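Structural overview
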Amino acid sequence: MKTPSFADIASRYRISNGTRFRLADIEPADPWGVSLKGTAEDLLSDGVKRLADLQERLYAQDRWSVLLIFQAMDAAGKDGTIKHVMSGINPLGCEVHAFKAPSSEELDHDFLWRTSRVLPRRGHIGIFNRSYYEETLVVRVHQNILARQQLPPALVTKNIWRERFEDINAHERYLARQGIVIRKFFLHVSKEEQRRRFLKRLEESDKHWKFSLADVGERAHFVEYMQAYEDTIRHTSTEWAPWHVIPADRKWFTRIAVAATIVDTIETLHPRFPSADPKVKAELTKVKAALEAEVKAGAAKAKGRAK
Ligand code: ATP
Ligand code: MG
């Protein structure tokens, strides 16, 4: 097979219009992706390099920002993907935020509060490791969490999930209009592959720290989570903030597909180093001449001393 372009890889898993989306349409071990194994190393290193260059331009240009949201079941590879894909990036222009079960202070606010405070500034890339999407995932699967959210009872109706989708879409539309380019990744791992990865964590002592008993509890709700993911993706895949459903049974492929999507996204912004205005340019030419003259003067002095 001809090596696909990053745009091909990105578009294969992009859900820009969710109405007809079915999770079953995307296999966690997509054979098309698996067939790229031979070129995997080159594709990933190319992606990491291109991303580093694009990020530098994005940062220098200081106009657009990029928000990357990662959602997945445990052991789907969120942390490893973020680490590998962003490995060439200048940390000055990139922040990663992980969102766990909310604190009591966070529960005392609207659900977009905690993420809104840490949105990426212009020129930056912000990464959310979990996000406000937990509000239509874990909170929907475990509705007792909703009861702890201190909402006025009159506002908790059977429409609550539809309302949350509407609010999230409106929020993302607003951010998009502010120059924040949003891409959302669901790393789609199968239940069987999750089982293998959990077992591996239990078998290797230096991986025990990654294992939590709570993860096994969530695994028991795998099917409900898949339904919640499908419904969320159907309702919140928009032109301005599409979901990318990434096959996650092969870690090496997940990384390539995510890197390709981010590169493709930032390339469409054509970030460029700002060019200095003519006055500044003239000043820079003078400074350059002065710096060069310093060396010449230094050399002449040294010659004089040597005589
Ligand atoms: P890792 O296990 O790789 O360290 P993680 O993202 O799974 O990373 P954990 O501390 O294991 O981190 O889990 C965070 C938990 O917090 C998840 O079970 C998630 O569903 C839960 N959580 C996140 N946001 C919310 C929320 N708004 N309401 C309730 N639970 C939430
Ligand atoms: Mg976890």
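These lines cover the structure that appears in this document, whether it is placed above or below. Each chain carries its own residue numbering, running from 1 in the written order of its sequence. Chains carry letters from A onward and ligands carry numbers from 1 onward, assigned in written order. Totals for whole chains, interfaces and linings use every residue, but because this is a predicted model, local features are given only for residues with pLDDT of at least 70 and side-chain atom pairs only at 80 or more, for both listing and counting. Side-chain measures here rest on the full set of heavy atoms in the structure, leaving out hydrogens and waters.

For the rest of this paragraph, the subject is the overall build of the protein. Helix and strand definitions follow DSSP, with helices as H or I runs of at least four residues and strands as E runs of at least two, each counted in order from the N terminus. Within the protein, the secondary structure is distributed over 14 helices and 6 strands. Its C-alpha atoms give the protein principal-axis dimensions of roughly 90 × 50 × 40 Å. Residue contacts follow a heavy-atom distance rule, with two residues in contact if any of their heavy atoms lie within 4.5 Å. Of the contacts made within the protein by residues no fewer than 6 positions apart, 82% connect residues no fewer than 24 positions apart. All accessibility values rest on the Shrake-Rupley procedure with a 1.4 Å probe; residue burial counts only the protein chains present in the view. Here the protein displays about 16900 Å² of accessible surface, and carbon together with sulfur accounts for 54% of that area. Of the side-chain charges in the protein, 50 are positive and 41 negative, and the distance between the mean point of each set is 6 Å. Under this rule, positive means Lys or Arg and negative means Asp or Glu; His and the chain ends count for nothing. For this purpose, a charge sits on NZ of Lys, CZ of Arg, CG of Asp or CD of Glu.

Once that is clear, we can look at the side chain of threonine 232. For threonine 232, the location among the structural elements is in helix α12 (residues 222-236). Among the polar contacts made by the side chain of threonine 232, one reaches the main-chain carbonyl oxygen of alanine 228 at a distance of 2.8 Å. Pairs of N or O atoms are called polar contacts if they sit within 3.5 Å, as long as, within protein, a hydrogen donor faces a hydrogen acceptor (for residues adjacent in sequence, only side-chain-to-side-chain pairs).

Near ligand 1 lie 14 residues; those nearest to it are Asp74, Ala101, Arg130, Glu134 and Glu135. Lysine 100 is positioned with one of its side-chain polar atoms (N or O) 3.1 Å from an oxygen atom of ligand 1. Between ligand 1 and glutamate 134, the relevant distance is 2.8 Å, taken from an oxygen atom to a side-chain nitrogen or oxygen of the residue. In the complex, the protein chains occlude 76% of the 630 Å² of accessible area that ligand 1 would expose alone. Side-chain classes are defined by residue name, with Ala, Val, Leu, Ile, Met, Phe, Trp, Tyr, Cys and Pro counting as nonpolar, Asp, Glu, Lys and Arg as charged, and the others, Gly among them, as polar. Taken together, the residues of the shell around ligand 1 sort by class into 6 nonpolar, no polar and 8 charged. By convention in this text, a residue qualifies as near a molecule or strand provided that one of its non-hydrogen atoms is within 4 Å of it.

Mapped onto the fold, tryptophan 64 is located in the loop between α3 (40-61) and β2 (65-72). Other than its neighbours up to four places away in sequence, tryptophan 64 contacts Leu58, Arg122, Gly123, His124, Gly179, Val181 and Leu269.

So, about the nonpolar core. Grouping buried Ala, Val, Leu, Ile, Met, Phe, Trp, Tyr and Cys residues that are joined through side-chain atoms within 4.5 Å yields what is termed a nonpolar core. Exposure classes here rest on a 1.4 Å probe applied to the protein chains alone. A residue is buried below 20% of its type maximum, exposed above 50%, and partly exposed in between. Within the largest apolar cluster, 77 residues are counted, with the highest numbers of intra-cluster contacts made by Leu68, Met86, Ile125 and Ile262. Sort the elements by how many residues they give to this core and helix α13 (residues 251-267) lands first, with 10 residues. Excluding residues within four positions of it along the chain, leucine 68 makes contact with Met86, Ile125, Gly126, Ile127, Phe128, Arg183, Phe185 and Ile262.

With a phi close to 60°, aspartate 62 is a non-glycine residue in the positive phi region. Note on aspartate 62: relative accessible area 38%, which makes it partly exposed. Positive phi, normally seen in glycine, also occurs at histidine 270, with a value near 45°. Here histidine 270 is to be found in the loop between α13 and α14 (278-306). Taking relative accessible area as the criterion, histidine 270 reaches 60% and is therefore assigned exposed.

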